[in-house]
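Per-entry structural report
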Amino acid sequence: MAKNILEVTDLAVEFETFGGTVQAVRGVSFEVEVGKTLAIVGESGCGKSVTVQSIMGIIPMPPGKITGGSAKLKGQEILGLPAAEANRYRGVEIGMIFQDPMTSLNPSMKIGHQIAETLMVHRGKSHADAMVTALQLLEKTHIPEAAKRALQYPFEFSGGMLQRAMIAQSLACNPSLLIADEPTTALDVTIQAQILELLTELQRTEGMSILLITHDLAVVARMADQVAVMYAGQIIERGSLDDIFYRSAHPYTLGLKSAMPSNSGAEEKNLQPIPGSPPDLFSPPLGCGYTARCPQAMQICGNQLPQLIQDPQDPRHLSRCWLQHKDAPNIEALYQPLKIMDTAGAD
């Protein structure tokens, strides 16, 4: 059995606009292991959502254009497929939870019918059989009074229930991979915890892999097995959850951790925002995209793009940073371990 369910290599995506060409994704590579969760984390505008939408084949083309790279699901190339072929994977092998369920669900269709439609299109079920399965899916996602709710419209659902309904729809065809794009962004903290617990439960019972897109490190700490940190359209650090939280190798990752609140009284501190702004992707910098904001930037950082450098102690821990080069100055004191939040109560 293959170790990886999804392998993305050197993905590049551009958007043609009136102001020029936006290089939104610049050579992104990662893998999602079977039955595991990979979290892609980074601030807004770094290219996380464009990356997964490109894999799903749902970016508008034009203005979007996939200019390079590969995405293989179970060894089969799925990048840039014609719509008819892509539909054999979308919603079947790959399910997706979008950021805003209110704008992603059809406001003129009842919730149960929307879930049933997925089964009718991809599994060839009759409407009656599809509705029975839709009801079972709503019950599986712990929506109360599922039979009643299946006959209601999206506007009659709360935010948390809408997200559960979208999860039910994404699970309709038993996908091998679930892409969750900011699944808790618009929810209050109590509902966030419930949704994360539900995703963890479903992953355990259904045996699926999860590709999680988020900017929230507390969500990462709670859900992820592997983490990819993204900045300015590139993966700038990859590793296990422990690598990212305890052995951070890139100054941007350190900046994200410093801006992370703590719920421990012993760890009270002032939050430290990252100064400055991300680079203009109309004209990306020649070197590291983080140079202008990096307190440890060297001359080479602005002139030459570093490759992903392996951690000598863990070859799977990679960092796109000149500070990790064997000839770089010794700055070991800058990289202090971080106590992960008490994620049992963190949302």
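Structure first, text after, so check above.
What comes next is a walk through the structure. Owing to the predicted nature of the structure, the values given are computational and were not obtained by experimental measurement. (Residues numbered from 1 in each chain as written. Predicted model: local features only at pLDDT ≥ 70, side-chain atom pairs only at ≥ 80, totals over all residues. Heavy atoms only, no water.)

The next point concerns the packing of helix α4 (residues 111-123) against helix α7 (residues 159-170). Contact geometry for α4 and α7: axes closest at 9 Å, N-to-C directions at 20°. Between α4 and α7, the interaxial angle falls into the category roughly parallel. α7 is crossed by α4, and the crossing has right-handed handedness. In this structure, α4 uses I111, Q114, I115 and T118 to contact α7, whose residues at the interface are A165, A168 and Q169. Residue classes in the contact of α4 with α7 are distributed as four nonpolar, three polar and no charged. (Axes fitted to C-alpha atoms, helices over the stretch in contact; angles between N-to-C directions. Helix = DSSP H or I, 4+ residues; strand = E, 2+ residues; numbered from the N terminus. Parallel < 35°, antiparallel > 145°, perpendicular 65-115°, else oblique. Left-handed = near helix turned anticlockwise from the far one by under 90°. Contact = heavy atoms within 4.5 Å. Nonpolar A, V, L, I, M, F, W, Y, C, P; charged D, E, K, R; others polar.)

Another point: helix α8 (residues 189-206). Over its 18 residues, α8 runs 25 Å from end to end, which matches the ideal 26 Å to within 8%, given 1.5 Å per residue. Turning to α8, its buried residues are Q192, A193, I195, L196, L198, L199, L202 and Q203. Phi turns positive, to about 70°, at G207, one or two residues after α8. (Expected span 1.5 Å × (residues − 1). Buried < 20%, exposed > 50% of the residue type's maximum accessible area, 1.4 Å probe, protein only.)

Under the counting rule described, the total for this entry stands at four aromatic pairs. Summarising the aromatic geometry, the rings of Y231 and Y252 are spaced 4.6 Å apart at their centres and angled 50° between planes, so their arrangement reads as tilted. Taken together, the positions of Y231 in strand β9 (residues 226-231) and Y252 in helix α11 (residues 251-258) put the pair 21 residues apart, joining distant regions of the chain. For the pair formed by Y231 and Y252, the shared burial category is buried. Here Y231 and Y290 contribute two aromatic rings whose centre-to-centre distance is 5.3 Å and whose plane-to-plane angle is 90°, an arrangement assigned as edge-to-face. Of the two residues, Y231 is situated in strand β9 and Y290 in the loop between α11 and α12 (299-303); the sequence distance between them amounts to 59 residues. (Phe/Tyr/Trp six-rings, centres within 6.5 Å; stacked < 30°, edge-to-face > 60°.)

Judged by how many residues are buried, β9 sits mostly within the fold: five of six residues are covered. In this sheet, β9 lies alongside strand β3 (residues 37-41) in parallel orientation, the contact comprising four bridges. Directly across from I40, in β9, lies its bridge partner A228. Here β9 hands over to strand β10 (residues 234-240) after two residues, with A232 in that stretch at a positive phi of 50°. (Pairing = 2+ DSSP bridges.)

On their own, these measurements won't tell you what the molecule is for.
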